[in-house]
Amino acid sequence: MFEGGIHVACALNMPGVFEGGRRDNHFVVMMDLMPTICDFVNVPVKHEIDGISVLDAIKGKTQNTEDRFVFWLRNEVARSFVASHRVL
């Protein structure tokens, strides 16, 4: 894998909240799950967190998720070290 991150499809079913059959390309990461759920159930997040609520995007409203800074670190040195040094 030479690309930052792994792209995985996400399927949501929330009857009465949004219509199904829609496809979009919002930039959402796992750390957005908790703030989105908190926003959905009206529970305030009282401390600073890394994720953002993407509830507006889920509901089909306008939300910009493209201006985020996220990075991945590939650590191939550690993998090579573990593969070449065996524990007896």
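The structure presented is a predicted model; accordingly, all values stated were derived computationally and were not measured.

(A) Structural context of the overall build of the protein chain. A count of helical and extended segments in the protein chain gives three helices and zero strands. Along the protein chain, helices (α) and strands (β) appear in the sequence α-α-α when read from the amino end. Scored against the burial criterion, the 88 residues of the protein chain give a buried share of 18%. Taking as baseline every contact in the protein chain between residues at least 6 positions apart, the subset at least 24 positions apart corresponds to 48%. Total accessible area on the protein chain is roughly 8000 Å²; 58% of this is exposed by carbon and sulfur atoms.

(B) Broad picture of the nonpolar core. Counting residues in hydrophobic clusters, the biggest one holds five residues: Met14, Phe18, Val54, Ala57 and Ile58. Discounting residues that sit within four places of it in the chain, Met14 has contacts with Phe40 and Ile58.

(C) Spotlight on the environment of Glu66. Assignment of secondary structure puts Glu66 in the loop between α2 (55–58) and α3 (76–84). Separated by 41 residues in the primary sequence, Glu66 and Asn25 place their C-alpha atoms 9.6 Å from one another. Setting aside chain neighbours within four positions, we find Glu66 in contact with Asn25 and Phe27.

(D) Layout of unusual backbone geometry. A positive phi angle, close to 60 degrees, is found at Asn42, a residue other than glycine. By relative accessible area, which is 65% here, Asn42 ends up exposed.

(E) Representation of the side chain of Gln63. Relative to the elements of secondary structure, Gln63 occurs in the loop between α2 and α3. With relative accessibility at 18%, the residue Gln63 sits in the buried group. Side-chain polar atoms of Gln63 contact the backbone oxygen of Ser53, separated by 2.8 Å. Here the side chain of Gln63 touches Ala57 through a polar contact of 2.9 Å, landing on its backbone nitrogen. Other than its neighbours up to four places away in sequence, Gln63 contacts His26, Ile52, Ser53, Val54, Leu55, Asp56 and Ala57.

Rules used in this analysis
Residues numbered from 1 in each chain as written. Predicted model: local features only at pLDDT ≥ 70, side-chain atom pairs only at ≥ 80, totals over all residues. Heavy atoms only, no water. Helix = DSSP H or I, 4+ residues; strand = E, 2+ residues; numbered from the N terminus. Buried < 20%, exposed > 50% of the residue type's maximum accessible area, 1.4 Å probe, protein only. Contact = heavy atoms within 4.5 Å. Areas by Shrake-Rupley, 256 points an atom, 1.4 Å probe, with all protein chains shown as cover. Core = buried A, V, L, I, M, F, W, Y, C linked by side-chain atoms within 4.5 Å. Polar contact = N/O pair within 3.5 Å; in protein donor to acceptor, adjacent residues only side chain to side chain.

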